[in-house]
Amino acid sequence: MKGILTKKVPLRGSVVIPGDKSITHRAIIFSALGKGMSEITGYLPSEDCERTITAFREMGISVVSEAKNGVPTLWVDGKGLSGLTEPSGVIDCGNSGTTLRLLAGLLAGQPFLSILTGDASLRSRPMRRVMEPLKRMGGELFSRRGEYAPLAISGRRLSAIDYEMPIPSAQVKSAILLAGLFAAGTTRIREPRQSRDHTERMLSYFGVPCKVAEGILSVAGGVSYPARKILVPGDLSSAAFFLVAGLIVEGSQMTLCRVGINPTRTGILDILQKMGAQIIIKPLTSDCCEPVADITVSTSALHGVAIEGETFLRAIDEFPILCIAAALAEGETVIHGAEELRVKESDRIATMARALGSMGVAVEEFPDGIKIIGGKKLKGAVCETRGDHRIAMAMAIAGLVAEGDIEMDDTSCIQTSFPTFESLLGELAGR
Ligand code: S3P
């Protein structure tokens, strides 16, 4: 990463942020299950999304990728709800929890056998949370020690359930909704707190009724639907790294164009504004199922805040970069209610606590969060990313303002969600 991330150069100008990862996965999945050719404009060409594309190709779906006027575009030739064929090999989901968990839901109701696996990180992440409701629907799923991938799924006829989710999780909710599409009856789900709702929005956009009434989400099984054009907004979780860079690098002002501002994802904007960030959000007309905006940020003096619960859930993937903002903010930032971070691509609480400590930041780790005493200069350090893309990008941003170099053991993991991270940052730095 050396040479591109020049220190202390103001970041100026405007960039288009690559497509949203969560929405790209869903766009591919629901296009494959629709009837006819769906066009997905602005999809995210990254390792995680490639895993979902490959999985559908292995199940007989044609997916063609092309840059249309320089915009990454996919054509997915959907064969309807009963159009998938048995994959002849194991489906490798790589590092992608969204691919594995959503496909588990979809595959539970297919008339064939499938096996899902992933890299060492994904094989150590909890899967009982998704298998449990699917088994209640009549699914036959097998795992290592009742918890870990590889998962073997022997497809069955499913029945709808009423399910009270023990934890809020968009991946689990989406897996149940996907299984619900193939189940007899109406599946009903109640979440303790609302997680991201991209699946619900996309189902409705494709014409499948997916309603929320009195906090209960319901979807009827067996509703087939035609292909559609989908426009994927920029990923706010990717934009977050540049937002924080713009705030902490002296003399910066940048605009991030056509970024998704789905309210279930905008916790990072609320938190940064509460910390004193100058951020201007200019909503744009949306031509698909998600709200979008241009976001302008300028260098700002930040102060520490306390973050919990609902706001944090809306910023769940932004913890690593939020830690960097907190380390540079005056005073204390305290985060609680974030125990889910222990089972993300890495244990993000432990990984960030260690990384911040090595940069000379005073931190206290809690089982469900962290306390960061900010306001001092960051020291150069050698950090372990644990193969976690968001840790690597957060540390790269810290490196823009640290007094010495931030060296990382592995930055190739950035390919999972943001392959153009370095080049776009270089553009903003005037390179
Ligand atoms: C995602 C849901 C969240 C999030 C992940 C992507 C999705 O995970 O952290 O990066 O696309 O549905 P959980 O469902 O485990 O909370």
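Because the structure is a prediction, the values reported are computed rather than measured. (Residues numbered from 1 in each chain as written. Predicted model: local features only at pLDDT ≥ 70, side-chain atom pairs only at ≥ 80, totals over all residues. Heavy atoms only, no water.)

## Quick notes on the overall build of the chain
Reasoning step 1: A count of helical and extended segments in the chain gives 13 helices and 24 strands.
Reasoning step 2: On the principal axes, the C-alpha backbone points of the chain span a range of 60 × 45 × 40 Å.
Reasoning step 3: Counting all 431 residues of the chain, 58% fall into the buried class.
Reasoning step 4: Relative to all contacts within the chain whose residues are 6 or more apart in sequence, the contacts with residues 24 or more apart total 76%.
Reasoning step 5: For the chain, the accessible surface area stands at approximately 16000 Å², while carbon and sulfur atoms represent 51% of it. (Helix = DSSP H or I, 4+ residues; strand = E, 2+ residues; numbered from the N terminus. Buried < 20%, exposed > 50% of the residue type's maximum accessible area, 1.4 Å probe, protein only. Contact = heavy atoms within 4.5 Å. Areas by Shrake-Rupley, 256 points an atom, 1.4 Å probe, with all protein chains shown as cover.)

## Considerations on the domain arrangement of the chain
Reasoning step 1: Domain boundaries assigned for the chain yield domain 1 (12-18 + 233-428) and domain 2 (21-228).
Reasoning step 2: Domain 1 puts 27 residues into the contact, and the matching count from domain 2 is 24 residues.
Reasoning step 3: At the boundary of domain 1 with domain 2, total buried surface from both sides reaches about 2200 Å², with 53% on carbon and sulfur atoms.
Reasoning step 4: On the domain 1 side of the interface with domain 2, the three residues burying the most area are C289, L313 and T416, jointly 24% of the side's total.
Reasoning step 5: Inspection of the region where domain 1 meets domain 2 yields three salt bridges.
Reasoning step 6: Residues E345 and R125 are paired through a salt bridge, measuring 3.9 Å at the closest nitrogen-oxygen approach.
Reasoning step 7: Contributing elements (two or more residues each) for the side of domain 1 that touches domain 2: α9 (309-313) and α12 (389-401).
Reasoning step 8: Considering every element that reaches the side of domain 1 that touches domain 2, the biggest residue donor is α9, with three residues.
Reasoning step 9: Of the residues assigned to the side of domain 1 that touches domain 2, the class counts are 10 nonpolar, seven polar and 10 charged. (Domains from an automatic or database assignment. Buried area = accessible area lost by both parts, 1.4 Å probe. Salt bridge = Lys/Arg side-chain N within 4 Å of Asp/Glu carboxyl O. Nonpolar A, V, L, I, M, F, W, Y, C, P; charged D, E, K, R; others polar.)

## As for the pattern of salt bridges
Reasoning step 1: A full pass over the atoms with the stated rule returns 25 salt bridges.
Reasoning step 2: One salt bridge connects R314 with D270, and the closest N-O pair in it is separated by 2.7 Å. With R314 in the loop between α9 and α10 (319-328) and D270 in helix α8 (residues 267-274), this pair connects stretches of sequence that are 44 residues apart.
Reasoning step 3: The class of R314 is buried, set by a relative accessible area of 13%.
Reasoning step 4: A cluster of three or more residues bridged by salt bridges with shared partners is formed by R125, E345, R348 and D388.

## Section: the nonpolar core
Reasoning step 1: F242, L272, I324, L356, M359, M395 and F421 are the most contacted members of the largest nonpolar core, which has 79 residues in total.
Reasoning step 2: Ranked by size, the runner-up nonpolar core spans 67 residues in total, among them A32, F112, A149 and L178. (Core = buried A, V, L, I, M, F, W, Y, C linked by side-chain atoms within 4.5 Å.)

## Looking at the site of the ligand
Reasoning step 1: Close to the ligand lie S22, R26, T98, R101, S169, A170, Q171, R196, I316, D317 and K344, which account for all nearby residues.
Reasoning step 2: Within the side chain of S169, an N or O atom sits 2.7 Å from an oxygen atom of the ligand.
Reasoning step 3: Take D317: an N or O atom from its side chain is 2.6 Å from an oxygen atom of the ligand.
Reasoning step 4: Out of a free accessible area of 380 Å², the ligand has 95% covered by protein chains.
Reasoning step 5: Elements represented by at least two residues in the shell around the ligand include exactly α1 (21-33), α3 (97-107) and α5 (170-181).
Reasoning step 6: Among the residues forming the shell around the ligand, the class breakdown is two nonpolar, four polar and five charged.
Reasoning step 7: Residues lining the shell around the ligand come from more than one domain, with at least three contributed by each of domain 1 (12-18 + 233-428) and domain 2 (21-228). (Near = heavy atom within 4 Å. Polar contact = N/O pair within 3.5 Å; in protein donor to acceptor, adjacent residues only side chain to side chain.)

## Structural notes on helix α6 (residues 198-205)
Reasoning step 1: Counting buried residues in α6 gives six out of eight residues, a clear majority hidden from the surface.
Reasoning step 2: Looking at α6, one finds that the buried residues are H198, T199, E200, M202, L203 and Y205.
Reasoning step 3: Packing partners of the buried residues in α6 comprise α1, α5, β13 (210-213), β14 (216-220) and β15 (229-231).
Reasoning step 4: Of the residues flanking the end of α6, it is G207, one or two places downstream, whose phi is positive at about 95 degrees.

## So, the packing of α5 against α6
Reasoning step 1: Interaxial distance between α5 and α6 falls to 9 Å at its minimum, and their mutual angle equals 30 degrees. Judged on the interaxial angle alone, α6 and α5 are roughly parallel. Contacts between α5 and α6 involve K173, S174, L177 and L181 from the first element and T199, E200 and L203 from the second.
Reasoning step 2: In the contact of α5 with α6, the residues fall into three nonpolar, two polar and two charged. (Axes fitted to C-alpha atoms, helices over the stretch in contact; angles between N-to-C directions. Parallel < 35°, antiparallel > 145°, perpendicular 65-115°, else oblique.)

## What about α1?
Given 3.6 residues per helical turn, the α-helix brings residues three or four places apart onto the same face.
Reasoning step 1: The first and last C-alpha atoms of α1 sit 19 Å apart over 13 residues, in line with the 18 Å expected at 1.5 Å per residue.
Reasoning step 2: In terms of burial, α1 is a largely internal element, 13 of the 13 residues being buried.
Reasoning step 3: Of the residues that open α1, the one with a side-chain oxygen 2.9 Å from the backbone nitrogen of S22 is D20. (Expected span 1.5 Å × (residues − 1).)

## Regarding a nonpolar patch on the surface
Reasoning step 1: The grouping of V90, L113 and I115 at the surface amounts to a nonpolar patch, some 230 Å² of accessible area in total.
Reasoning step 2: Assessed through its relative accessible area of 31%, I115 is described here as partly exposed. (Patch = residues over 30% accessible without salt bridge, like charges linked within 9 Å, V, L, I, M, F, W, Y side chains within 5 Å.)

## A look at unusual backbone geometry
Reasoning step 1: Residue P150 is reached from A149 by a cis peptide bond, and omega for that bond is 5 degrees.
Reasoning step 2: Of note, P150 is situated in strand β8 (residues 148-154).
Reasoning step 3: A positive phi angle, close to 50 degrees, is found at E214, a residue other than glycine.
Reasoning step 4: By the secondary structure assignment, E214 is in the loop between β13 and β14.
Reasoning step 5: By relative accessible area, which is 77% here, E214 ends up exposed.
Reasoning step 6: The residue R386 is not glycine, and still its phi comes out positive at about 55 degrees.
Reasoning step 7: Among the structural elements, R386 can be located in the loop between β23 (381-383) and α12.

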